[in-house]
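Chain residues, written in single-letter form:
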Amino acid sequence: MRRVIDRVHVLDEIEHLVGVADLVVIPADDLDEGIRQRDAGLGVEDGRARIAEEVGRDDRFIGVAEDPLELALARFLHRLADLVVGGGLFKGHLVREIDALGGEMGKNIDKTFIQSKMLNQSKGPAVHSLRTQADKAAYSMSMREILENQENLEIRQAEVTEILTEPLEASEDERKDGKRVHQKVTGVRIHQGTVYSCRAVIICTGTYLNARCLVGESITETGPSGMQRSTFLKESLNRIGIGLRRFKTGTPARMDGRSLDYSKMTIQKGDERVIPFSYSTDPKDVQIEQVPCWLTYTNEETHEIIRENLDRSPIYAGIIEGTGPRYCPSIEDKVVKFAEKTRHQVFIEPEGRTTNEMYVDGMSSSMPDDVQQRMYRTVPGLENCRIVKNAYAIEYDCINANDLKLTLEMKNVDGLFCAGQFNGSSGYEEAAAQGLIAGINAAMQVKGKEPLILDRSEAYIGVLIDDLVTKENREPYRMMTSRAEYRLLLRQDNADLRLTEKGYQVGLISEERYQDLKTKERQIAEEIER
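Residues numbered from 1 in each chain as written. Predicted model: local features only at pLDDT ≥ 70, side-chain atom pairs only at ≥ 80, totals over all residues. Heavy atoms only, no water.

*Asks:* Please provide a residue-by-residue account of the nonpolar core, values included.
*Replies:* One finds Ile163, Leu237, Leu416 and Ile461 to be the most contacted residues of the largest nonpolar core, which totals 81 residues. In terms of nonpolar packing, the next biggest core, distinct from the first, is built from 24 residues, Met255, Ile306, Met363 and Cys385 among them. (Core = buried A, V, L, I, M, F, W, Y, C linked by side-chain atoms within 4.5 Å. Buried < 20%, exposed > 50% of the residue type's maximum accessible area, 1.4 Å probe, protein only.)

Here it is, written out as structure tokens:
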């Protein structure tokens, strides 16, 4: 069976999201971000355009155009925009930029957050960073509603097993040099055999591609949270000359909040006056009752248990092949690499308003279950904790982003775009930013228009993509303000002045919002003149 669509989206972390249209997006858990190209119809969503924008944990959701049909194929629809882990510092800059360009992530978190805090307020405004705690179930449900109601976007549950291409005629120099055959995308094939013909594909597989989860000696050939991994796509990528490498990340345990003693911890409240992420959100709408988080610490007893059992940790037993993120280490790495530290911070964060699950931020681990039980219970407040979900490490395949152009299109495969952790980055926000840009550029290519490329001087998104594409990254890439040479100018509070014009030019910003920007610019100019 063959169908023709303009773009196909292949999502994985969200699970594979693949489609037939001008654009196909293949996401994974990464599909947690989105953009809506209202008039032009480009939809993007980690991981993360609506489909491409988050697929984002490590990307996301891309592109709906006004006339062309777009298809997003996700292996598990109930995992769309699923948030498996927590966020980090300085990611707020990226979310603000995504919103300024027309993305959905900022608007969605404004509707579903349970705590909000502006970090680093004791320092200069360039490093002020807005961070929110999401109700993970509500976030996913809200984003899915947005995606399902996006005009001209079709969503189907299916696993993409093959990227279909055809060779382009090689130049004389290319034939002499024996370079890889240049190809172009023609479609995708799903596991059931159906072929979707398209002119562009976006791959956002997150941490699902050939993944395996490790808890001590227990190794499961699966994606995050026990979801089925993607295996067939790897073979297809190899056949068309795309090399893969192995990265690793991890997640902490989840605990029953009723088993914790909060009197032994320090309460962490949100800001009294909440600042919204989205420039289109009315500040009055986010002044809501917030849910507190809690701070506690590991101690020498915790560290001693870890040291005694390092031989049972897949990281130190040589079982894990992939490289982990330097700036988000497991508790085993913290104890070994920072041996002089007598304690490490542990934040206890609620997973949502309607669940008792608590996220133990700061203690990701791949230790066996019995070791996890012992080490967690040495932490003040966790002495009687009941683990709902074990911490685990996860290995997965990704590409070397040096094979990409600044548009996030493969250099040797026309029409094949990539985003999120599949590109070797870490985090929902990084994934969402890449998904947005990949979605925009895939849509622009299909429409025969110029791509959107952000310079390092214009946006953190520009720094992110430039670093991925031009530098040799040997570990999952994490955005930090220190990576930006122009960080004094790239503040999170001026993202609209820097980028909304560009979002308007590609069709993601409405006329009303654009005129609001023009009014703001005139008011600033008048005040400066005064």
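*Asks:* Please give an account of the sheet that holds strand S16 (residues 244–251) that cites residues and values.
*Replies:* On the basis of which strands lie adjacent, the open sheet formed by four strands has the order S15-S14-S23-S16 and antiparallel pairing. Strands at the two margins of the open sheet, each flanked by one partner only, are strand S15 (218–220) and S16. For this sheet the average axis-to-axis angle between neighbouring strands, irrespective of direction, equals 25°. Pairing between strand S14 (residues 212–215) and strand S23 (residues 392–399): three bridges, direction antiparallel. Counterpart to Leu214 in the pairing with S23 is Ala393. (Pairing = 2+ DSSP bridges. Helix = DSSP H or I, 4+ residues; strand = E, 2+ residues; numbered from the N terminus. Axes fitted to C-alpha atoms, helices over the stretch in contact; angles between N-to-C directions.)

*Asks:* Hey, could you go over the environment of Val446 for me, with residue numbers and the actual values?
*Replies:* Position of Val446 among the secondary structure elements: in helix H9 (residues 428–446). Judged by its relative accessible area of 11%, Val446 falls in the buried class. For the pair formed by Val446 and Cys198, sequence separation is 248 residues and the distance between their alpha carbons is 9.6 Å.

*Asks:* Give me the lowdown on the pairing of strand S19 (residues 293–297), citing residues and values where you can.
*Replies:* Counting buried positions over the five residues of S19 gives four, a clear majority of the element. Pairing of strand S18 (residues 266–268) with S19, which is carried by three bridges, proceeds in the antiparallel orientation. Across the sheet, the residue bridging to Ile267 is Trp294, located in S19.

*Asks:* Quick one: what's the story with the packing of helix H1 (residues 91–101) against helix H11 (residues 495–505), residue by residue and with numbers?
*Replies:* At a minimum axis separation of 7 Å, H1 and H11 run at an interaxial angle of 40°. For the pair H1 and H11, the sense of crossing is right-handed. Between H1 and H11, the residues in contact are Arg96, Glu97, Ala100 and Leu101 and Ala495, Asp496, Arg498, Leu499, Thr500, Lys502 and Gly503, respectively. Grouping the amino acids of the contact of H1 with H11 by side-chain chemistry returns four nonpolar, two polar and five charged. (Left-handed = near helix turned anticlockwise from the far one by under 90°. Contact = heavy atoms within 4.5 Å. Nonpolar A, V, L, I, M, F, W, Y, C, P; charged D, E, K, R; others polar.)

*Asks:* Break down a nonpolar patch on the surface for me, with residues and values.
*Replies:* Taken together, the side chains of Tyr486, Leu488 and Leu489 make up a nonpolar region of the molecular surface, amounting to roughly 350 Å² of accessible area. Tracing the chain through its elements places Tyr486 in the loop between helix H10 (460–470) and H11. Taking relative accessible area as the criterion, Tyr486 reaches 40% and is therefore assigned partly exposed. (Patch = residues over 30% accessible without salt bridge, like charges linked within 9 Å, V, L, I, M, F, W, Y side chains within 5 Å. Areas by Shrake-Rupley, 256 points an atom, 1.4 Å probe, with all protein chains shown as cover. Salt bridge = Lys/Arg side-chain N within 4 Å of Asp/Glu carboxyl O.)

*Asks:* Run through the sheet that holds S18, naming residues and quoting values.
*Replies:* Strand pairing in a sheet relies on backbone hydrogen bonds. The paired strands run either parallel or antiparallel. Sheet architecture is open: six strands sit in the order S18-S19-S20-S21-S17-S22, paired in antiparallel fashion. Sheet topology places S18 and strand S22 (387–389) at the edges, where each strand pairs with a single neighbour. Each strand of the sheet is rotated relative to its neighbour by a mean of 35°, with strand direction disregarded.

*Asks:* Lay out the packing of H11 against helix H12 (residues 511–529) with the relevant residues and their values.
*Replies:* In the contact formed by H11 and H12, the axes pass within 10 Å of each other and the chain directions differ by 145°. Seen from above, H11 lies across H12 with left-handed handedness. In this structure, H11 uses Asp496, Leu497, Thr500, Glu501 and Tyr504 to contact H12, whose residues at the interface are Glu511, Tyr514, Leu517, Lys518, Lys520, Glu521 and Ile524. Tallied by class, the residues present in the contact of H11 with H12 amount to five nonpolar, one polar and six charged.

*Asks:* If you had to explain the pattern of salt bridges to someone new, which residues and values would you point to?
*Replies:* Taken as a whole, this structure holds 38 salt bridges when the rule is applied. Arg307 is the partner of Glu300 in a salt bridge, and the nearest nitrogen-oxygen pair spans 3.9 Å. Looking at Glu300, the relative accessible area reads 40%, which means it is partly exposed. Among the residues examined, Arg307 registers a relative accessible area of 32% and is labelled partly exposed. One salt bridge in this structure joins Glu521 and Lys518, with 2.8 Å as the shortest N-O distance.

*Asks:* Tell me about helix H5 (residues 232–239), residues and numbers included.
*Replies:* Those residues of H5 lying buried are Leu233, Ser236 and Leu237. Considered in projection along H5, the buried side chains sweep an arc of 100° and stay on one side of the axis. Following H5 by one or two positions, Gly241 has its phi on the positive side, about 85°. (Arc of directions from axis to C-beta.)

*Asks:* Please provide a residue-by-residue account of the packing of aromatic side chains, values included.
*Replies:* Taken as a whole, this structure holds two aromatic pairs when the rule is applied. The interplanar angle of 5° and the centroid separation of 3.7 Å between the aromatic rings of Tyr504 and Tyr514 together place this pair among those described as stacked. Note that Tyr504 is positioned in helix H11 and Tyr514 in helix H12, a separation of 10 residues in sequence. Looking at Tyr504, the relative accessible area reads 28%, which means it is partly exposed. On the basis of relative accessibility, which here comes to 12%, the residue Tyr514 falls in the buried class. Here the basic side chain of Arg343 rests over the ring of Tyr297, its NZ or CZ set 3.7 Å away from the ring centre. Positioned over the ring face of Tyr477 is Arg483, at 4.2 Å from the centre of the ring. (Phe/Tyr/Trp six-rings, centres within 6.5 Å; stacked < 30°, edge-to-face > 60°. Lys NZ or Arg CZ within 6 Å of the ring centre and 35° of its normal.)

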